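Survey of secondary and tertiary structure
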Amino acid sequence: MKQFYLFLFLFTLFVVVACTDNQQTAQLTKREQALLDRERQFARKEAEYRSLLRMRDSLLAQKDTTAHPIWPETVAGTWSSKLICKESNCTEYVVGDQRSELWDFTDDSTGMYTKVINNNQINRIFNGNFRNELVSLTYRSDSTIQKHVEMQVTLTPSSPDLMKGTQLIQIDSGCTANFSVELVRVSNK
């Protein structure tokens, strides 16, 4: 009988230890899974942090050394224009015609421009260039417009407040008008 009790005791002990071992294994597996999930979350956050650091470093890094062209201080700003027609074979322009407009020399990352303003509205925008103390402006009408207009302006700064030059206008490659141009700087007062 003692052997029976001993056998029963050992069997019970084995069952209890086996059950406890399964529960501990399940708990350990659960903990390991939770730890793996936290490690994955941490890895994602670390990757995001490194990405943000790279973005910050790229923003703080020295910008591209090729700067966009800008108008020199002697040209940039607003000018009052006086145009006088010197010769023309167009019906739109008569020799002696005079025009007055505001010309605003501006630039941005895409280039240099001159906005021609009349009655507080922009009439046209010239593409600009500045080389060897010479201002060159060009304008072409939109291809969807029936009347094709091309304009070329050449200006030379005479003083800090005065530029002189010419404007050539061609309409439909059939008529040409030539204007003298005088620009006087508008004071910013």
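An account of the accompanying structure is given in this report. (Residues numbered from 1 in each chain as written. Predicted model: local features only at pLDDT ≥ 70, side-chain atom pairs only at ≥ 80, totals over all residues. Heavy atoms only, no water.)

What the chain contains, in helices and strands, is one helix and eight strands. For the chain, the α and β elements follow one another from N to C terminus as α-β-β-β-β-β-β-β-β. For the chain, the spread of C-alpha atoms along the three principal axes comes to 140 × 40 × 30 Å. Here the chain holds 189 residues, and the buried ones make up 19% of them. For the chain, contacts bridging at least 24 residues in sequence account for 42% of all contacts bridging at least 6. In the structure as shown, the chain presents an accessible area of about 14300 Å², 54% of it carried by carbon and sulfur atoms. (Helix = DSSP H or I, 4+ residues; strand = E, 2+ residues; numbered from the N terminus. Buried < 20%, exposed > 50% of the residue type's maximum accessible area, 1.4 Å probe, protein only. Contact = heavy atoms within 4.5 Å. Areas by Shrake-Rupley, 256 points an atom, 1.4 Å probe, with all protein chains shown as cover.)

Inspection of the sheet shows strand S1 (residues 77–88) paired to strand S2 (residues 98–108) by eight bridges, in the antiparallel sense. Paired with Thr78 across the two strands is Asp104, which belongs to S2. As paired elements, S2 and strand S3 (residues 111–118) share seven bridges and run antiparallel to each other. What sits directly across from Phe105, in S3, is Thr114. In sequence, S2 turns back onto S3 through a hairpin of two residues. (Pairing = 2+ DSSP bridges.)

One finds Trp103, Phe105, Leu137 and Leu155 to be the most contacted residues of the largest nonpolar core, which totals 26 residues. When contributions to this core are tallied by element, the ones reaching two or more residues are S1, S2, S3, strand S5 (134–140), strand S6 (149–159), strand S7 (162–171) and strand S8 (175–185). When residues in this core are grouped by element, the largest group, five residues, is from S8. Apart from the residues lying within four places of it in its own chain, the contact partners of Phe105 are Trp71, Val75, Ala76, Gly77, Trp79, Tyr113, Thr114, Val135, Leu137, Leu155, Met163 and Leu183. (Core = buried A, V, L, I, M, F, W, Y, C linked by side-chain atoms within 4.5 Å.)

Bringing the packing of aromatic side chains into the picture now. Aromatic rings considered in pairs are described by the distance between their centres and by the relative angle of their planes. If you walk through the whole model with that rule in mind, you get five aromatic pairs. Both rings, one in Trp79 and one in Phe105, keep their centres 6.5 Å apart while their planes meet at 75°; by these two values the pair is edge-to-face. Separated by 26 residues along the polypeptide, Trp79 in strand S1 and Phe105 in strand S2 bring together distant segments of the chain. For the pair shown, Trp79 and Phe105 are each scored as buried. Residues Tyr93 and Phe179 carry aromatic rings whose centres are separated by 5.3 Å and whose planes lie at 90° to one another, so their mutual orientation is edge-to-face. Of the two residues, Tyr93 sits in the loop between S1 and S2 while Phe179 sits in strand S8, which places them 86 residues apart along the sequence. The same class applies to Tyr93 and to Phe179, which are both buried. Each residue in the set Trp71, Trp79 and Phe105 is aromatic and connected to the rest through ring pairs, giving one cluster. (Phe/Tyr/Trp six-rings, centres within 6.5 Å; stacked < 30°, edge-to-face > 60°.)

Once that is clear, we can look at the pattern of salt bridges. Under the criterion given, the structure shown has five salt bridges. Taking the shortest distance from any N to any O, the salt bridge between Asp161 and Arg185 comes out at 3.7 Å. Placement of Asp161 in the loop between S6 and S7 and of Arg185 in strand S8 is noted, with a sequence separation of 24 residues between them. What makes Asp161 partly exposed here is its relative accessible area of 44%. By relative accessible area, which is 24% here, Arg185 ends up partly exposed. (Salt bridge = Lys/Arg side-chain N within 4 Å of Asp/Glu carboxyl O.)

Taken as a whole and assessed by the stated rule, the structure comprises one disulfide. The disulfide partner of Cys90 is Cys175, and the S-S distance across this bridge is 2.0 Å. An S-S torsion of about 100° defines the bridge between Cys90 and Cys175 as right-handed. Here Cys90 is found in the loop between S1 and S2, whereas its partner Cys175 is found in strand S8, with 85 residues between them in sequence. Pair check on accessibility: Cys90 and Cys175 agree, each one buried. (Disulfide = S-S within 2.5 Å.)

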